[in-house]
Every structure is written in structure tokens, then in C-alpha cells.
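Here's the letter readout for the chains.
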Amino acid sequence: MKNKLQELDLNLLKLLKTVVETRNTHAAADKLGISQTSVSRGLAKLRDVFGEQLFIRKAHGVEPSELAEKLAEASDLMLKPLIKVVESYQNFDPEEFNGDVKIAMNIFFLELHGEGIFNALRGQFPNANFSMVYWQEHSLTEVLNGEVDYLIHFEGYPLPQEIYSHTLEEVELCLVARENHPVLSQSSDWASIHHLPLARVIIDGINSKRSPVEEVYLAKGFQPRVSLTTHSVRVLTNKLSTSDAIMFGSQYMTSLDQRLASYPLPELPKQMRKIRVSGGYLQSKRGYPLNQHLHQIIQSYFDSLVPPKV
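Residues numbered from 1 in each chain as written. Predicted model: local features only at pLDDT ≥ 70, side-chain atom pairs only at ≥ 80, totals over all residues. Heavy atoms only, no water.

A.B. asks: Sorry, what's going on with the pattern of salt bridges here?
C.D. replies: Pairing of side chains with opposite charge becomes possible as their charged atoms draw close. Taken as a whole and assessed by the stated rule, the structure comprises 11 salt bridges. Of the charged contacts, one joins Lys274 and Glu172 as a salt bridge, the two residues approaching to 3.6 Å between their closest N and O atoms. Of this pair, Lys274 sits in strand E11 (residues 274–282) while Glu172 sits in strand E6 (residues 163–178), and the two are 102 residues apart along the sequence. Residue Arg200 is joined to Glu214 by a salt bridge in which the shortest nitrogen-to-oxygen separation is 2.8 Å. Here Arg200, found in strand E7 (residues 198–201), pairs with Glu214, found in helix H9 (residues 212–219); they are 14 residues apart in sequence, far enough to count as distant. Judged by its relative accessible area of 6%, Glu214 is buried. Among the charged side chains, a salt-bridge network with shared partners connects Glu155, Glu170, Glu172, Lys274 and Arg276. (Salt bridge = Lys/Arg side-chain N within 4 Å of Asp/Glu carboxyl O. Helix = DSSP H or I, 4+ residues; strand = E, 2+ residues; numbered from the N terminus. Buried < 20%, exposed > 50% of the residue type's maximum accessible area, 1.4 Å probe, protein only.)

A.B. asks: Whenever I open this one, the side chain of Ser278 confuses me. Can you help?
C.D. replies: Position of Ser278 among the secondary structure elements: in strand E11. By relative accessible area, Ser278 is classed as buried at 7%. Beyond its immediate chain neighbours, meaning those up to four positions away, Ser278 contacts Leu151, Ile152, His153, Glu155, His166, Thr167 and Leu168. (Contact = heavy atoms within 4.5 Å.)

A.B. asks: Explanation requested: empty space enclosed by the protein in the structure shown.
C.D. replies: Summary: where empty space remains is shown by rolling a probe the size of a single water molecule over the atoms. Tallied over the entire structure, the rule returns two cavities of 30 Å³ or more. Of the voids in this model, the largest cavity is the one considered here, and its volume is about 40 Å³. Lining the largest cavity we find Phe108, Phe109, Leu112, His113, Glu169, Val171, Ser250, Tyr252, Ile275 and Val277. Within the residue set of the lining of the largest cavity, elements represented by two or more residues are helix H6 (107–124), E6 and E11. Taken together, the residues of the lining of the largest cavity sort by class into seven nonpolar, two polar and one charged. (1 Å grid on protein atoms, 1.4 Å probe; cavity = no way out; pocket = protein on both sides within 12 Å on 5 of 7 lines; lining within 4 Å. Points joined across faces, edges and corners; volume = space filled by probe spheres on them. Nonpolar A, V, L, I, M, F, W, Y, C, P; charged D, E, K, R; others polar.)

A.B. asks: Where do I start with the packing of H6 against helix H11 (residues 289–304) in this structure?
C.D. replies: The description of two helices packed together rests on the angle between their axes and the distance between the axes. At a closest axis distance of 10 Å, the pairing of H6 and H11 adopts a crossing angle of 130°. The pairing of H6 with H11 is recorded here as oblique in orientation. Two packed elements cross with a definite hand, and for H6 against H11 that hand is right-handed. Across the interface between the two elements, His113, Gly116, Ile117, Ala120, Leu121 and Gln124 from H6 touch Leu294, Ile297, Ile298, Tyr301 and Phe302 from H11. Residues that form the contact of H6 with H11 fall into these classes: eight nonpolar, three polar and no charged. (Axes fitted to C-alpha atoms, helices over the stretch in contact; angles between N-to-C directions. Parallel < 35°, antiparallel > 145°, perpendicular 65-115°, else oblique. Left-handed = near helix turned anticlockwise from the far one by under 90°.)

A.B. asks: Teacher, can you tell me more about helix H4 (residues 36–50) here?
C.D. replies: Think of an α-helix as 3.6 residues a turn; residues three or four steps apart then line up on the same face. In this model H4 runs 21 Å from its N-terminal to its C-terminal C-alpha over 15 residues, within 8% of the 21 Å that 1.5 Å per residue would give. Count one or two residues on from H4 and you reach Gly51, which has phi positive near 110°. (Expected span 1.5 Å × (residues − 1).)

A.B. asks: Looking at this structure, how should I read the environment of Tyr217?
C.D. replies: Within the secondary structure, Tyr217 is located in helix H9. Residues Tyr217 and Thr229 lie 12 residues apart in sequence; the distance between their C-alpha atoms is 17 Å. Discounting residues that sit within four places of it in the chain, Tyr217 has contacts with Trp190, Ile193, His194, Leu198, Phe222, Pro224, Ile246 and Phe248.

A.B. asks: Looking at this model, I keep getting lost on the layout of surface pockets. Mind explaining?
C.D. replies: A volume near 800 Å³ is recorded for the largest pocket. Along the walls of the largest pocket sit 31 residues, with Phe154, Leu173, Pro212, Phe248 and Ile275 positioned nearest its centre. Among the secondary structure elements, those contributing two or more residues to the lining of the largest pocket are E6, E7, H9, strand E9 (247–250) and E11. For the lining of the largest pocket, a count of residues per class yields 18 nonpolar, six polar and seven charged.

In C-alpha cells, the structure reads:
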């Protein structure tokens, strides 16, 4: 019986439950909207799995055995959760959703775009409970465990195949420093800027020791002078706006502090002049409406951005 149960068509359980309720194969056929022949064939398959005494024929119908009644009860308990899951996919309404939504993003993006993304999501999910956190060492494990619904990171961050990722935005890079910077206002070539102090955000898992830009300094024979590394974008912007320090970053930084300005990059390899922002979630949730709605809203947010001019 075990092997036959594994191959049992779930529609047969619905048929069994209907026959138990109606105690008549004709009435069951009418209720299910199928032919009498289909009901007879279905009952034959059920008897093949559960035994000949599943139903006892009577003059005006059938009498379910105790086994048939217990199977009907069990099938009802099993089918209701399945129906509920299917309905949650088909009838998902973000305005009615009152569950939890957790989004983990690189701390740089959380500072730059966290407020805008939250406002966009809150407008579509007015009854949801949000948790928006910065990406940490354990965040990937949380995504894989289903605890994080959506992630936002640099495209270069290594993600396993279990996570579906997609490009949200391609960002032109620039130099960021204080407005009217005494050097960058005149030139941003390597000969002019190599001695200037550097400041950068620590991005866990990517540049915690030495950034790609620092490797370029060394390749050109310059010694990078990193005067600040920090997790705090606020500390970073204060450093940049009150000193001659510079940052290789995004023009979006200038929107955080009016004292900052963007300047052209020095000569750099083509692949280092842009960065891509990626969003992602579990491959197993690609058909789940919550994750699809999150992606659509966040993608629309990035599509609406107008970056400051370099």
C-alpha cells in the first residue's frame, strides 16, 4: 500500500470525501461536475489502494466504511492547508498583508536609499511589519534559511546559486570631496591627487582589508594614505566635508551632505568606473507573490532615481 499511496492522485481524495458526504455516486458526480463513469473509475482506483471494503453497495447508494470516513476526514485536514497556500498565491493583496518583511542591504545602500525604499514599501504594504537591517556576516545564512525576504548588495558580492539575483541599477562612479576642494577644483589626474588622504566605508566581505582602488595606487607606484575607514556613512561624510580627504564613490553621496561635491575620476580601468547594485532572494521563492511584489517595488524605486551630475 505504501508505494501506491505515494502515487495517489490528490483528486481521488476529493472524490472519496464527496462520495462519503453524498453516499451516492450519481450525486457525487453532479457535485464534482464529472461523469458517472469518472466516479466509478476513481472508486476503483481507491479500492485498489485501500481495499475492496472501502464502500458497501446499498439499494439507493453506497455506505462508507469506517476506513472511508476516517480517510475523508484526513483528506479534508490535508487539502485545506493546500488550498490555503494556493489561494495565498492567487489572491495575494499587499494592502491586506500584515506579516513581517525583512530586508538586508549593504550598509552603504541602507544609508543612501534606506529611507526611500522604506517609504516605497510602506506605501504598498501599509499593514506589514518591516525590519531593514545592514548586511552582516550571518546575513547570507539568514537569507538561505528564509529569514530575510530580500537583499540589496553590490553585484560583486559572491552569492550561492540558491539565491536569484538581478541588477537594480548601474551607477557611474566619481570622486567625492568637499565643495571647492583646493586640488580637485583644478585637476583630478593621478599626479595631482595621489597624495590626498583617502576615506572609505568598510563593506563587510568585500574590502575590509584593502579596496580595489588602493591596489590601483600601488600598481601606479603610489602609496595610498587611508585616513579613515568606517561603517558609518555619517562619520564618512563629516570627514570628507571638513578636510581635504577624498573618496572614490557614488555621486549619490552628495545628497547626504550639501557641503559635498562630485568630481571626475582619474584614469581607471573601465570596469572600475561603474558599479552595479543587485537585489535578490531565494530561488525557491521566485514564484511567491510577496517576493515578487518586493522586487517590483524596489526596482521601481531605483528606476525613479535621478543621480546628481558629476
